[in-house]
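Chain and residue survey
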Amino acid sequence: MRIAIASDHAAVALKAALVAWLRDAGHEVADLGPFDTASVDYPDYGYKLARAIAAGEAERGVTLCGSGIGISIAVNRDPACRCALVSEPLSAALAREHNDANVIAMGARLIGEGLAIACLQAFLDTPFSGGRHRTRVDKLSAKEPV
């Protein structure tokens, strides 16, 4: 799977660990930065990831910041993205199963590496169930609220 990943300065270490795990699992990974802990603005990296998803450069995305909140808001500004903030594997699985989330966000200051990997695994392994959820997801992806 093609996966894009981006963070802010607070999550560079967790991003590096997830990039290594994803590559070891055989995924093609586009690391969109940053690559050091110099202070950056999380919206810039959230928007960069959203553009990659919208352009079809990646099938799924992973975004990280200190809490996961700010960068998830930035990603969700693009109607092509359905980014879910998760902190445990059940939320990650349900985000895929019910909401067809194509991006997950996690907070590096709130979640450890092991739990982040478990969330990412659940996110990647869970299919969208479709059915009654399809109409709802279509509304989420509309350019204008219906």
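Use the structure listed above.
Attention here is on the structure that accompanies the text. The model shown is predicted, which means the values in this text are computed figures rather than measured ones. Throughout, residues of each chain are indexed from 1 in the direction in which the sequence is written. Where local features are concerned, this predicted model is filtered to residues with pLDDT of at least 70; where side-chain atom pairs are given and counted, the filter is 80 or more; whole-chain, interface and lining totals use all residues. Excluded from the side-chain calculations are hydrogens and water; all other atoms, namely the structure's heavy atoms, are used.

Here's the deal with the state of the cysteines
For the record, the criterion: Cysteine sulfur pairs qualify as disulfides if the two atoms are within 2.5 Å.
Inspection of the entire model under this criterion finds 0 disulfides. Here cysteine 81 stays free of any disulfide, with the sulfur of cysteine 83 as its closest cysteine sulfur at 7.6 Å.

Thoughts on the pattern of salt bridges
Heads up, the condition is: Put simply, a salt bridge is a Lys or Arg side-chain nitrogen that is within 4 Å of an Asp or Glu carboxyl oxygen. Under the scheme used here, helices are H or I runs from DSSP no shorter than 4 residues and strands are E runs no shorter than 2 residues, and both carry numbers assigned from the N terminus. Relative accessibility decides the category of a residue: with a 1.4 Å probe and only protein chains considered, values under 20% of the type maximum give buried, values over 50% give exposed, and everything between is partly exposed.
Taken as a whole and assessed by the stated rule, the structure comprises 4 salt bridges. Between arginine 2 and glutamate 59 there is a salt bridge, with its nearest N and O atoms 3.7 Å apart. Of this pair, arginine 2 sits in strand 1 (residues 2-7) while glutamate 59 sits in the loop between helix 2 (42-54) and strand 3 (60-65), placing them 57 residues apart in sequence. Classification of glutamate 59 by relative accessible area gives partly exposed; the value is 41%. Of the charged contacts, one joins aspartate 31 and lysine 15 as a salt bridge, the two residues approaching to 2.7 Å between their closest N and O atoms. Within this pair, whereas aspartate 31 is found in strand 2 (residues 28-31), its partner lysine 15 is found in helix 1 (residues 12-24), the two being separated by 16 residues in sequence. A residue is classified by how much of its surface remains accessible, and aspartate 31, at 23% relative accessible area, is partly exposed. Of the residues examined, lysine 15 reaches a relative accessible area of 2% and is grouped as buried. A cluster of three or more residues bridged by salt bridges with shared partners is formed by Arg82, Arg96 and Asp100.

A word on the side chain of asparagine 102
Basically, it comes down to this: Any pair of nitrogen or oxygen atoms within 3.5 Å is treated as a polar contact; in protein, a donor-acceptor pairing is required on top of that, and neighbouring residues in sequence qualify only through side-chain atoms on both sides. A contact between two residues is defined here by any heavy atoms of the two lying within 4.5 Å.
Along the polypeptide, asparagine 102 turns up in the loop between helix 4 (89-99) and strand 5 (103-107). Note on asparagine 102: relative accessible area 9%, which makes it buried. At a separation of 2.9 Å, a polar atom in the side chain of asparagine 102 contacts the main-chain carbonyl oxygen of alanine 80. Apart from the residues within four sequence positions on either side, asparagine 102 is in contact with Ile53, Glu59, Arg60, Gly61, Ala80, Cys81, Arg82 and Phe123.

Let's talk about the sheet that holds strand 2
How we decide: At least two DSSP bridges between two strands are needed for those strands to be called paired. Note on geometry: axes are lines fitted to C-alpha atoms, helical ones only across the stretch in contact, with angles between N-to-C directions running from 0 to 180 degrees.
Read across the open sheet, the 5 strands follow the order 2-1-3-5-4; overall the sheet is parallel. Taken across any chain shown, the strands that pair with only one partner, and hence form the sheet edges, are strand 2 and strand 4 (83-85). Averaged over all adjacent pairs, the angle separating strand axes in this sheet is 20 degrees, with direction ignored. Sheet topology places strand 4 next to strand 5; 3 bridges connect them, and they run parallel. Looking at strand 5, one finds that cysteine 83 is bridged to valine 103.

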